[in-house]
Amino acid sequence: MSRIGKLPIAIPAGVEVKIAAGNELTVKGPKGTLSRKLSSDMTIAQENGQITVVRPNDLKRFKALHGLTRTLINNMVVGVTEGYVKRLEINGTGYRAAKAGKKLTLNLGYSHPVEMEDPEGITSEVDGNTKIIISGIDKEKVGQYAANIREKRPPEPYKGKGIKYENEYIRRKAGKAGKK
């Protein structure tokens, strides 16, 4: 039995879950509404303020889908109640970020500033010049947008310059050794 898949998902107060035909799931909460089509092989049931996911049999494919389906539903419930946040830091002389409307402008040592538009449902804030805070209700979109920003100038191992996640550790390398 899947350790993650068999855990029930508690539905907090103020959250409304609708399960339509074909496992079309809609979760409505204080922060917004998320909807997703899940695998029709899984049986999703809602009773006593909890959601349970049951797989049809023990085939390897269904075992994999079991935990995934449960986690996707849980991420939707957490997203509409608390939301998700990713924090990025910019390191490097002259590297900075600015925000104007829905446009994020990054100066990352290129000959031109890099401009990025916030996707639908995602908000980004700039704290100081060097910290970017990305928030939203969809965990997948928040993580992807953060990864897209980081991709513009990933941290390099010699001086650590670039964009990194707040809690990310950059493994440093020694520079060139001089002649002896």
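Before reading on, note that the structure itself is shown above.
Everything numeric here is computed off the predicted structure, so don't read it as measured data. (Residues numbered from 1 in each chain as written. Predicted model: local features only at pLDDT ≥ 70, side-chain atom pairs only at ≥ 80, totals over all residues. Heavy atoms only, no water.)

1. Some remarks on the overall build of the protein chain
Thinking step 1. Counting secondary structure elements, the protein chain contains two helices and 13 strands.
Thinking step 2. The C-alpha atoms of the protein chain give a radius of gyration of 21 Å, which is well past the 16 Å a tight globule of 180 residues would have.
Thinking step 3. Projected onto its principal axes, the C-alpha positions of the protein chain cover 70 × 45 × 25 Å.
Thinking step 4. With 180 residues in all, the protein chain has 36% of them scored as buried.
Thinking step 5. When contacts within the protein chain are restricted to residue pairs at least 6 apart in sequence, those whose partners lie at least 24 apart make up 50%.
Thinking step 6. Carbon and sulfur atoms make up 49% of the accessible area of the protein chain, which totals about 11100 Å².
Thinking step 7. The averaged location of the 19 negative side-chain charges in the protein chain is 9 Å from the averaged location of its 33 positive side-chain charges. (Helix = DSSP H or I, 4+ residues; strand = E, 2+ residues; numbered from the N terminus. Rg over C-alpha atoms; globule rule 2.2 N^0.38 Å. Buried < 20%, exposed > 50% of the residue type's maximum accessible area, 1.4 Å probe, protein only. Contact = heavy atoms within 4.5 Å. Areas by Shrake-Rupley, 256 points an atom, 1.4 Å probe, with all protein chains shown as cover. Lys, Arg positive; Asp, Glu negative; His and termini not counted. Charge placed at Lys NZ, Arg CZ, Asp CG, Glu CD.)

2. Digging into the packing of aromatic side chains
Thinking step 1. Taken as a whole and judged by the stated rule, the model has zero aromatic pairs.
Thinking step 2. Above the plane of the ring of Y165 lies K86, whose end atom (NZ or CZ) is 5.4 Å from the centre. (Phe/Tyr/Trp six-rings, centres within 6.5 Å; stacked < 30°, edge-to-face > 60°. Lys NZ or Arg CZ within 6 Å of the ring centre and 35° of its normal.)

3. A word on the side chain of T69
Thinking step 1. Summarising the element assignment, T69 is placed in helix 1 (residues 60-81).
Thinking step 2. Beyond its immediate stretch of four places on either side in the chain, T69 contacts L38, M42, I44 and V53.

4. Brief notes about unusual backbone geometry
Thinking step 1. Residues other than glycine seldom take positive phi values, yet N23 does so here, at roughly 55°.
Thinking step 2. Relative to the elements of secondary structure, N23 occurs in the loop between strand 2 (16-20) and strand 3 (24-29).
Thinking step 3. One non-glycine residue, N48, lies in the positive phi region at around 55°.
Thinking step 4. Summarising the element assignment, N48 is placed in the loop between strand 5 (43-47) and strand 6 (50-54).

Without other data, these values stay purely geometric and don't point to any function.
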